[in-house]
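# Observations on chain architecture
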Amino acid sequence: MSDLVSIFLQLLLFKLVAPVTFRHHRYDDLVRTLYKVHNECPHVTRVYSIGRSVKGRHLYVLEFSDYPGIHEPLEPEVKYVGNMHGNEVLGRELLLQLSEFLCEEFRNRNQRIVRLVEGTRIHILPSMNPDGYEVAAAAQDRDISGYLVGRNNANGVDLNRNFPDLNTYIYYNEKNGGPNHHLPLPDNWKNQVEPETQAVIQWIRSFNFVLSANLHGGAVVANYPYDKSLEHRVRGFRHTANTPTPDDTLFQKLAKVYSYAHGWMHQGWNCGDYFPDGITNGASWYSLSKGMQDFNYLHTNCFEITLELSCDKFPRQEQLQREWLSNREALIQFLEQVHQGIKGMVRDENYNNLADAVISVSGINHDVTSGDHGDYFRLLLPGTYTVTATAPRFDPETVSVTVGPGEPKLVNFQLKRSTPPAAPKRRGPNSGHRGRVLPKKVQPRAAKKKEMMMKQSQRVPA
């Protein structure tokens, strides 16, 4: 009986929740909104938690997929992360609006959205820092101004300066040789990061994410890696320190897709700053160490950019509708960018899937790996590439691939197990060259010569 009452109360709760409106959502409102969307689209959504904040609030993710909770081979995974800084709130509200929009349009059979949901596994984390948000929202309620109020988590830590620093290692490896992808974490990394950071790291290690965007505020620009420059400098210093990744051209294209689909980001002049095309290399703007964007690229298969979406970190409620209309198309177009380049399966001769096979592209010093199901995804711009798949104890396979501007090219690999070199035959104690058998006892050469001389001295002349 108690179970029936619980179910009735849940259904009543969903009915009482108003549709997502253009207002700010405190934590309880955010949770109700996510479950409301799930209730409206139960067959293509799932709500799950990746961990808890310092104050114990869940870090909830809303997933969209035609098979929620299941990775379908060759279907890419993409994510959005909002509200990493608690006082930068527009991303949080945009992701709630996006969640309801995807659900509504899927139910209305909007073919563009249906294709997106059925062909992509989308993960939406509206708030990475719910504790910071509550501090910032409370300050707004009391009309307390402060540029940094609520920015950090409950321990006073900036979460975008809290990831393990892998840039130092990659810059060393680029110069001296070493791995160019999936750089390892320090053994004690969990003791060096905050609960929210640890939850996100474990999350992105659990899913084979291909593409991601991290939504911020305080500027209007699409920022791409690297964020940390080779020479660390402070924001505002005139000397630029552009620090490109091996995938710099691709990252610029991803940033431009968002910028030009946005209402005004591409115009360049925003918030007192000027960024050509509305994009910037992170280190060229200001150097940032231990950021999430670079960490994604250096530790996983995920290509992440950072979207700065508003001059005002906590925009007024009446501005939210305008902001949603200027970002809606950009948010959809960016998700669609995961469908480009090449993808495929890596298997052995018996058609068993090979996880952690390395996919290398000649001329691009950054590799990706196959996931647990043997599928891989490599974002690439149109062009012709030489691609090699390698795995321990298997012979590498290399192919030439021409990538077009449309859907990703399907490139499968079937690796053959390496044949170990034949071990040299052990010769027996009586074996010699060409199989001839030697006498068991071989007379030493010096003794043999002495014996012959004695025989000659004993001869009588004729």
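Residues numbered from 1 in each chain as written. Predicted model: local features only at pLDDT ≥ 70, side-chain atom pairs only at ≥ 80, totals over all residues. Heavy atoms only, no water.

In the nomenclature of an unreviewed UniProt entry, the chain corresponds to Carboxypeptidase N catalytic chain from the organism Lipotes vexillifer. Here is the UniProt Subcellular location (unreviewed entry) comment for the chain, exactly as written: "Secreted, Extracellular space". According to the UniProt record, the Function (unreviewed entry) comment for the chain is "Protects the body from potent vasoactive and inflammatory peptides containing C-terminal Arg or Lys (such as kinins or anaphylatoxins) which are released into the circulation." (UniProt positions renumbered as here; feature names shortened; annotations may be inferred.)

## Let's talk about the overall build of the chain
Of the regular secondary structure elements, the chain holds twelve helices and 18 strands. In the chain, which comprises 462 residues, the proportion classed as buried is 52%. Summed over all atoms, the accessible surface of the chain reaches about 23200 Å², with 51% contributed by carbon and sulfur. (Helix = DSSP H or I, 4+ residues; strand = E, 2+ residues; numbered from the N terminus. Buried < 20%, exposed > 50% of the residue type's maximum accessible area, 1.4 Å probe, protein only. Areas by Shrake-Rupley, 256 points an atom, 1.4 Å probe, with all protein chains shown as cover.)

## Structural notes on the pattern of salt bridges
Summed over all chains, the structure comprises 20 salt bridges. Glu 40 is paired through a salt bridge with Lys 36; the nearest N and O atoms lie 2.7 Å apart. Remark: Lys 36 and Glu 40 occur in helix α2 (residues 27-40); sequence separation between them is four residues, near one turn of the helix. When its relative accessible area of 6% is taken as the criterion, Lys 36 is described as buried. Ionic pairing is found between Lys 256 and Asp 277, a salt bridge with its closest N-O pair at 3.8 Å. In this pair, Lys 256 is assigned in helix α8 (residues 248-261) and Asp 277 in the loop between β8 (273-274) and β9 (279-281), connecting sequence segments 21 residues apart. Exposure remark for Asp 277: the relative accessible area of 28% places this residue in the partly exposed category. Bridged by salt links that share partners, the residues Glu 88, Arg 151, Asp 158, Arg 161 and Lys 313 form one connected network. (Salt bridge = Lys/Arg side-chain N within 4 Å of Asp/Glu carboxyl O.)

## What about helix α10 (residues 292-299)?
Taken across its eight residues, α10 has eight buried, putting it largely inside the fold. Taken residue by residue, α10 has Met 292, Gln 293, Asp 294, Phe 295, Asn 296, Tyr 297, Leu 298 and His 299 as its buried positions.

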